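Listed here are the chains, written in short residue letters.
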Amino acid sequence: MFDQERQLIEAKIGEYCTANGLPLPEALVWNPIPLSGEWGISTSFFQLAAQESRQRKERGEAGVNVPQRAQELASEAAARIGVPAGFTHIEAVRGYLNLYFSTGEYARRVVQEVLERGADFGRGAPQSDRVMVEYANTNTHHSFHIGHYRNSILGEVVARLAEFAGFDTIRASYPGDIGLSVITVIWIYRKFYQGKEPEGVHARGQWLMRLYVEATTLLEPKDGETSAQIAQREAYEAERREIYRRWDAGDPEIRALWLKTRQWSLDELDDILRLMDIKIDVWFFESDVDEPSKQIAEDLIQAGIADDERPNGGAVIVKIDEKLGLTKEKYRTNVILRSDGTSLYLTKDLALAKVKFDTYHVDRSVYVVDVRQSLHLQQAFKILELMGYKQAEKCHHLGYGFVSLPEGAMSSRRGRIVLFKDVYDEAARRVLLEIERKNPELPVEQRQQVAAQVGMGALAYAMLSVDNNKDIVFDIDSALNFDGHTGPYIQNAHVRANSILKKAGGEVPAAAHFDHELTSHEIQLIDKISRFPDAVQQAAREYRPLVIAAYAYELANTFHSFYHAVPVLQAESEAVRQARLRLVAAARQTLANALHLLSIAAPQVM
């Protein structure tokens, strides 16, 4: 928001360098000076001093003492620049050039920037790279549980961050729609439940999950089985293998049943993504890349990247470390095609990446996949590098830990899972009760809407406020706390800001000066607002939703402190009142923008 000033200062530094025969700085990086009552920016002259020293040595002259020379350069540059408009003073300290803003002008400019840009405050300039974020990768013929929710909310926030930071962003989903678990559901449905179909999108999806649990119970060996029970189980297993063979052969009946039941799962997923305000741009399916993945294996053999050991009863393998010229084991050797000609997950990931790069022209590909797949994806990226894809360097695995419950780990095979829809409904129900208790005047229809917003916000923040690499023990009571490190606490800050502005008549003053002596709470709030654009860029650069989750909480906490300590509507003068109303409006807008990036609604009332 002070780009013009920085550019003028950089131009004067350039003039100083030219006039004194110094190399032009390769780049000037400006950083905010830690707040100590006034705001400022700082840049280092160490790099320029080092450049000068290198040039001297190249000419056969003696080098320079870099720290000492950096201080000399900073002092001379400060003298040439003087005190630019909008700044109070300039100083050179230990090789750094520090410029301090006029406090009132800085505050005015920050608030003005937020209110002028509105929903675009913090949005970055357009970037050249195209980013694809792959998430919501649930398996079909199961049901969407709380662990799937963590995957989906992380992916959506990364996509929003990339988009807001200036990248052309594509949201993609890669559901696993084939495999033994899918065939298991088709087998039991066909054998015992053919023609039956529960009513309702979620009822059908959840029924498929229960069929999977039932089938697993029938097919797994048990202690103390009789010979008749063993024979029955083996007969079931033979039937399941036959179903898989028929699917693989393209049998019309099995394929039709597979597509029908797959759609039940996709309908449930679509409804949940709608609840989460997620719109997937591109759908890939595991079944779509099954055949292309086999061709990838043949292409790798022809390119000399893979070794075909099938003639000797082996598989098609890639000796990744050897092909990369590594002497120590790191990525190991990986099978990409079994001896029977069937492909593996890795092979399919290679085929999918080829589509991403060749068809969608993706420069950066983000894979939101649990941490157990870390080595698998590292191997995939390195094979893509061997295939000649430059984009492999910009492939990123956003790993995440498990979600468990206070009573223990979840298990799809045992049916011991917590469905997301059940948790969401319970969260909304509890919030509704709280609203009825605290705000009974709120119209019934509006209560339902706010309950849904706050309930979903609680669930989202519970997932996003923990580092993605760490496991989560999900506790709904903690997530719904209105006073803790939670989504409702941040949403409530937005509500409070909105309430102040509503009481002031709903109109934000068109302009105001911040010439009054700012309180510490005002200074801290202005400072926190000003740091939002940098937080966006950091979170997008690092693919870390936690950065924005932490920022949003800190901003809300700072605003709550301001709310309790600083009079706005009853300010000591009309000029101060107008300035503070604009500051409240800027805080409200920044909270709304941060919440949007976290895929959390910013309610007007609670």
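Small disclaimer: the values here were computed from a predicted structure and weren't measured.

**Student:** Quick question: what am I supposed to make of the overall build of the protein chain here?
**Tutor:** Each helix and strand counted, the protein chain has 21 helices and 14 strands in total. Once the C-alpha set of the protein chain is aligned to its principal axes, its extents read approximately 95 × 80 × 40 Å. Each of the 606 residues in the protein chain was classed as buried or not, and the buried ones make up 51%. Summarising the internal contacts of the protein chain: among those between residues at least 6 apart in sequence, 73% fall at separations of at least 24. Put simply, the protein chain shows about 27,700 Å² of open surface, and 47% of that area lies on carbon and sulfur atoms. Charged side chains of the protein chain number 70 positive and 83 negative; the gap between the two group centres comes to 1 Å.

**Student:** Is there a simple way to think about the sheet that holds strand β4 (residues 96-101) in this case?
**Tutor:** Taken in spatial order, the four strands of this open sheet run β1-β2-β4-β3, and their pairing is antiparallel. Looking along the sheet, the strands with just one partner apiece sit at the ends: β1 (31-32) and β3 (87-93). Here two bridges tie β1 to strand β2 (residues 40-44), and the two strands are oriented antiparallel to one another. The partner of P32 across the bridge, within β2, is I41. Contacts from helix α3 (residues 66-81) reach β3 and β4 within the one sheet, and its direction differs from that of β3 by about 155 degrees.

**Student:** When you look at the pairing of β4 in this model, what are you seeing that I'm missing?
**Tutor:** Residues in a regular strand project their side chains so that they alternate between the two faces of the sheet. Of all six residues making up β4, five are buried, and the element is well covered by its neighbours. By the bridge criterion, five bridges tie β2 to β4 in an arrangement that is antiparallel. Bridged to S42 within β4 is N98. Between β3 and β4, which follow one another and run antiparallel, lie two residues, and R94 among them has a positive phi close to 50 degrees.

**Student:** Mind showing me how you'd approach empty space enclosed by the protein here?
**Tutor:** Rolled over the atoms, a probe as big as a water molecule pinpoints where empty space is left. Scanning the entire structure with this criterion turns up two cavities of 30 Å³ or more. The computed volume of the largest cavity comes to approximately 70 Å³. Considering the residues around the largest cavity, the lining is formed by T138, N139, T140, H142, S143, F144, S265, L266, E268 and L269. Looking at the lining of the largest cavity residue by residue, the class counts come to three nonpolar, six polar and one charged. The calculated volume of the second largest cavity comes to roughly 30 Å³. As for the second largest cavity, its lining consists of F2, E5, A85, G86, F87, F101, E105 and R109. Of the residues belonging to the lining of the second largest cavity, the class tally is four nonpolar, one polar and three charged.

**Student:** Teacher, can you tell me more about the packing of aromatic side chains here?
**Tutor:** Aromatic ring pairs are reported here in terms of the distance separating the ring centres and the angle at which the planes meet. Considering all chains together, one arrives at 25 aromatic pairs under this definition. Geometrically, the ring pair formed by Y149 and F420 is stacked, given 4.7 Å between the ring centres and 20 degrees between the ring planes. Taken together, the residues Y149 in helix α5 (residues 146-164) and F420 in helix α14 (residues 420-438) connect sequence positions 271 residues apart. The class for F420 is buried, based on a relative accessible area of 0%. On the basis of an interplanar angle of 50 degrees and a centroid distance of 5.1 Å, the ring pair of F357 and Y389 is categorised as tilted.

**Student:** What is the right way to read the side chain of K421 from this model?
**Tutor:** Relative to the assigned elements, K421 resides in helix α14. Setting aside chain neighbours within four positions, we find K421 in contact with H202, Q206 and L275.

**Student:** Just checking my understanding: could you explain the pairing of β3 for this structure?
**Tutor:** Examined bridge by bridge, β3 and β4 share six bridges and lie antiparallel to one another. Bridge assignment links V93 to a residue of β4, and that residue is Y96.

**Student:** Sorry if this is basic, but what is going on with the packing of helix α4 (residues 103-117) against helix α21 (residues 574-597) here?
**Tutor:** For any two helices packed against each other, one specifies the inter-axial angle together with the distance between the axes. Between α4 and α21, the shortest axis-to-axis distance is 9 Å and the interhelical angle comes to 55 degrees. With respect to α21, the element α4 is oriented oblique. Crossing of α4 against α21: the hand is left-handed. In this structure, α4 contributes V111, Q112, V114 and L115 to the contact, and α21 contributes R582, L583, A585, A586, Q589 and T590.

**Student:** Would you take a moment to explain the environment of K294 for this structure?
**Tutor:** Note that K294 resides in helix α10 (residues 290-302). As for K294 and A351, which are separated by 57 residues in sequence, their C-alpha atoms are 8.6 Å apart. Each residue touching K294, except ones within four places of it in the same chain, is listed here: L337, G341, T342 and S343.

Basis of the calculations
Residues numbered from 1 in each chain as written. Predicted model: local features only at pLDDT ≥ 70, side-chain atom pairs only at ≥ 80, totals over all residues. Heavy atoms only, no water. Helix = DSSP H or I, 4+ residues; strand = E, 2+ residues; numbered from the N terminus. Buried < 20%, exposed > 50% of the residue type's maximum accessible area, 1.4 Å probe, protein only. Contact = heavy atoms within 4.5 Å. Areas by Shrake-Rupley, 256 points an atom, 1.4 Å probe, with all protein chains shown as cover. Lys, Arg positive; Asp, Glu negative; His and termini not counted. Charge placed at Lys NZ, Arg CZ, Asp CG, Glu CD. Pairing = 2+ DSSP bridges. Axes fitted to C-alpha atoms, helices over the stretch in contact; angles between N-to-C directions. 1 Å grid on protein atoms, 1.4 Å probe; cavity = no way out; pocket = protein on both sides within 12 Å on 5 of 7 lines; lining within 4 Å. Points joined across faces, edges and corners; volume = space filled by probe spheres on them. Nonpolar A, V, L, I, M, F, W, Y, C, P; charged D, E, K, R; others polar. Phe/Tyr/Trp six-rings, centres within 6.5 Å; stacked < 30°, edge-to-face > 60°. Parallel < 35°, antiparallel > 145°, perpendicular 65-115°, else oblique. Left-handed = near helix turned anticlockwise from the far one by under 90°.

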